[in-house]
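Coordinate analysis (summary)
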Amino acid sequence: AAQAQPWPTKPASLMVPASAGGSLDTLARPLAQKISQLSGQQFIVENRGGAGGVIGADAVAKSAPDGTRFLFGAVHHMIAPHVLAKMPYNTEKDLLPVTMVAVVPNVVVVNANSSIKSIQQLIAESKKKPEGLNYGTGGPGTLHHLTTERFKQATGAKMQAVHYKGSGPALTDLMGGQIDVMFETMPSALSHISSGKFRALAVTSPKRSGTLPDVPTLTEEKVPGIAVTTWYGLFAPAGTSPEIAKQMADLVARALATPELKETWKSLGAAPGGNPPAEFAAFVKSELDGWGSVVKSVGLKPE
C-alpha cells in the first residue's frame, strides 16, 4: 500500500555533482524547473562538486531511498570506479538508474584569439615545444581527460593536462589564455562559441552536430577511432521503489516532450532522453564496462 501512494508528496532535489556553470548545471536547472511545474512539487538543484563528481554522487548513494533526492549524473560516473583506487560507494549496488536525460557531442575548442584554426594545426603546434600545449579538464579521470589522452595516442600530439574542479573554472582559464585547448561538452561550450570567445575545431561525435553544422568531426579531420558523446541521466539511491523510479522517468519524459525543453535541448546541441528505468540500466551497465576498457587502453592507473 505504501508503494502505491502518490509521488512526489514533498519537495525533492537534483544533486549536480559539479560546480555551477558546467554542462551538468546547464541542463539540470531547466529540467528541475519544468518537472516542478508538471508535478506541483518543488525540485531544487544542489551543487556539490569535487572528485570528478564522486562527492555529490556519494551524498545521493547514502541518502534515504524515499524519492526526495536524485543524482543528475553522467558518463563521468561510469569512469570514476576505474580511475579511483577507493570509491566511497559502489556504482552498481548503491545507485539505481532511473532515466536518460540528454546526449550531447563533445567539441574541441580553443580561444578565439588562438592562431590554431584546425585539428591538424593543433597537432602540429603541439609538437613545436618540448612541453607541448596545455589542455584543461574537469578533473583527473574525467571524460575531458580520457578523450584528450585518446586523441594524443591517436595523433602523437604533445599535450599536458591541467586539472580543475569542474569544467566551469577550466573554461574560464581557456577564455583567459591560461590553457590552450579543451575537449568540452557542447552545452557548456556552445554559448562561448556563439559569442565568439571560442573557436570550435571539431566535434567528437560520429556525425556532425546539427547545432554546429559547419564544424567537422574528428574523423573528417583525419583522426579516426574517437567517437565520444556525453550523456546525462538520473539516478536514485538504491532501495528506491521501482514505482518511484518509473514515476520519475515518466515525469522527465513528459518534461522533455514540452516545447520549452525541446527548444532548450536543441539550443544546447542535446538529444533528449526519457527512456524507462530498465532500458537505462542496461545502457549504464554497458557504459561501465566500456569505459573500464578505455581506462586500461590509455594506461591510467587508479589513484
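For the structure itself, look to the data block above.
Reading the values: the criteria
Residue positions are given per chain, counted from 1 along the sequence in the order it is written. Per-residue local features are limited, in this predicted model, to residues with pLDDT of at least 70; the limit for side-chain atom pairs, both in listing and counting, is 80 or more; totals at the level of whole chains, interfaces and linings are taken over all residues. Calculation of side-chain values draws on the structure's entire complement of heavy atoms; hydrogens and water are dropped beforehand. Strands are runs of DSSP state E lasting at least two residues, helices are runs of H or I lasting at least four, and both sets are numbered from the N terminus onward. Atoms considered for the radius of gyration are the C-alpha atoms alone. The globule rule reads 2.2 Å times the number of residues to the power 0.38. Using a 1.4 Å probe on the protein chains alone, a residue whose accessible area is under 20% of its type maximum counts as buried, one over 50% counts as exposed, and one in between counts as partly exposed. Residue-level accessible areas treat just the shown protein chains as cover; the underlying method is Shrake-Rupley with a 1.4 Å probe. Asp and Glu are treated as the negative residues and Lys and Arg as the positive ones, with His and the ends of the chain left uncounted. A charged residue contributes its charge at one atom only: NZ of Lys, CZ of Arg, CG of Asp or CD of Glu. In short, DSSP must find at least two bridges between two strands for them to pair. Handedness of a crossover is defined as follows: with both strands directed away from the viewer, a clockwise route from the first strand across the helix to the second makes it right-handed. Salt bridge, as used here: a side-chain nitrogen of Lys or Arg that lies within 4 Å of a carboxyl oxygen of Asp or Glu. Where helices are involved, their axes are fitted lines through C-alpha atoms of the stretch in contact, as for all axes, and angles between N-to-C directions lie from 0 to 180°. For classification purposes, angles smaller than 35 degrees are called roughly parallel, those larger than 145 roughly antiparallel, those between 65 and 115 roughly perpendicular, and all remaining angles oblique. Residue contacts follow a heavy-atom distance rule, with two residues in contact if any of their heavy atoms lie within 4.5 Å. Gly counts as polar in this scheme, as do all residues outside two lists: the nonpolar Ala, Val, Leu, Ile, Met, Phe, Trp, Tyr, Cys and Pro, and the charged Asp, Glu, Lys and Arg. What qualifies as a polar contact is a pair of N or O atoms within 3.5 Å, subject to a donor-acceptor requirement within protein and to the restriction that residues adjacent in sequence count only when both atoms come from side chains. In this scheme, a crossing is called left-handed if the near helix is turned counterclockwise away from the far one by less than a right angle; it is called right-handed if the turn is clockwise. Side-chain rings of Phe, Tyr and Trp (the six-membered ring for Trp) are treated as a pair once their centres are within 6.5 Å; stacked means planes under 30 degrees apart, edge-to-face means over 60, and tilted covers the remaining angles. By this rule, a helix spans an expected 1.5 Å times one less than how many residues it contains.

Observations regarding the overall build of the protein
When helices and strands are tallied, the protein shows 11 helices and 10 strands. A compact globule built from 303 residues would reach a C-alpha radius of gyration of about 19 Å, and the protein, at 19 Å, matches this within 12%. Seen through its C-alpha atoms, the protein measures out along the principal axes to roughly 70 × 40 × 30 Å. Sorting the 303 residues of the protein into buried and exposed places 54% on the buried side. About 12700 Å² of surface is accessible on the protein, with carbon and sulfur atoms providing 53% of the total. Side chains of the protein carry 28 positive and 23 negative charges; the gap between the two charge centres is 3 Å.

Considering the pairing of strand 5 (residues 133–137)
Two faces make up the sheet, and in a regular strand the side chains alternate between them. Within strand 5, four of the five residues are buried, leaving the element largely enclosed by the surrounding structure. As defined by bridge partners, strand 5 adjoins strand 6 (residues 159–163) across five bridges and the pair is classed as parallel. From the neighbouring strand, L133 faces strand 6, where its bridge partner is M159. Handedness of the crossover joining strand 5 and strand 6 through helix 6 (residues 143–155): right-handed. Across two bridges, the pairing between strand 5 and strand 7 (residues 181–185) is parallel. Its bridge partner lying in strand 7, Y135 is registered against V181.

Quick look at the pattern of salt bridges
Inspection of the entire model under this criterion finds 10 salt bridges. Across the pair E46 and R48 runs a salt bridge whose closest N-O atoms are separated by 3.7 Å. For E46, a relative accessible area of 19% puts it in the buried group. The closest approach of N and O atoms between E125 and K128, which form a salt bridge, is 2.8 Å. When salt bridges that share partners are traced, they join E46, R48 and R69 into one network.

So, the packing of helix 1 (residues 23–39) against helix 10 (residues 259–267)
The description of two helices packed together rests on the angle between their axes and the distance between the axes. One way to put it is that helix 1 packs onto helix 10 with a least axis distance of 11 Å and a crossing angle of 175°. Taken together, the axis directions place helix 1 and helix 10 in an arrangement best described as roughly antiparallel. From helix 1, L27, P30, L31 and K34 reach across to helix 10, where they touch E260, L261, T264 and W265. Grouping the amino acids of the contact of helix 1 with helix 10 by side-chain chemistry returns five nonpolar, one polar and two charged.

What about the environment of T211?
By the secondary structure assignment, T211 is in the loop between strand 8 (198–203) and strand 9 (229–237). Given the relative accessible area of 29%, T211 is considered partly exposed. Spatially, the C-alpha atoms of T211 and G73 are 23 Å apart, while their sequence positions differ by 138 residues. A distance of 3.4 Å separates a polar atom in the side chain of T211 from the backbone oxygen of K266.

Examining the packing of helix 3 (residues 76–83) against helix 11 (residues 277–297)
At a minimum axis separation of 8 Å, helix 3 and helix 11 run at an interaxial angle of 45°. With respect to helix 11, the axis of helix 3 lies oblique. Helix 11 is crossed by helix 3, and the crossing has right-handed handedness. Residue-level contacts link M78, I79, P81, H82 and V83 of helix 3 to V284, E287, L288, W291, G292 and V295 of helix 11. Class assignment of the residues belonging to the contact of helix 3 with helix 11 gives a composition of eight nonpolar, two polar and one charged.

A look at the packing of aromatic side chains
Under the counting rule described, the total for this entry stands at seven aromatic pairs. Here the aromatic rings of W7 and F70 are separated by 6.0 Å at their centres, their planes lie at 70°, and the arrangement is edge-to-face. Taken together, the residues W7 in the segment before strand 1 (12–16) and F70 in strand 3 (residues 69–74) connect sequence positions 63 residues apart. Consider the rings of W231 and F283, whose centres lie 5.3 Å apart with planes at 75°: the pair is edge-to-face. Of this pair, W231 sits in strand 9 while F283 sits in helix 11, and the two are 52 residues apart along the sequence. Residue classification places W231 among the buried positions, given a relative accessible area of 2%. Judged by its relative accessible area of 27%, F283 is partly exposed. Among the aromatic residues, those joined into a cluster by ring pairs are W231, F235, F280 and F283.

Focus on the environment of I55
On the secondary structure map, I55 appears in helix 2 (residues 54–61). A C-alpha to C-alpha distance of 9.8 Å links I55 and M87, two positions 32 residues apart in sequence. What I55 contacts, discounting residues up to four positions off in sequence, is R48, G49 and G50.

Topic: helix 1
Here helix 1 is 17 residues long and its end C-alpha atoms lie 24 Å apart, about the 24 Å a rise of 1.5 Å per residue gives. Those residues of helix 1 that fall on the buried side of the exposure criterion are S23, L24, D25, L27, A28, P30, L31, A32, K34, I35 and S36. Backbone geometry just after helix 1 places G40 at a positive phi near 80°.

Everything listed here is a matter of coordinates, which is why it stays silent on function.
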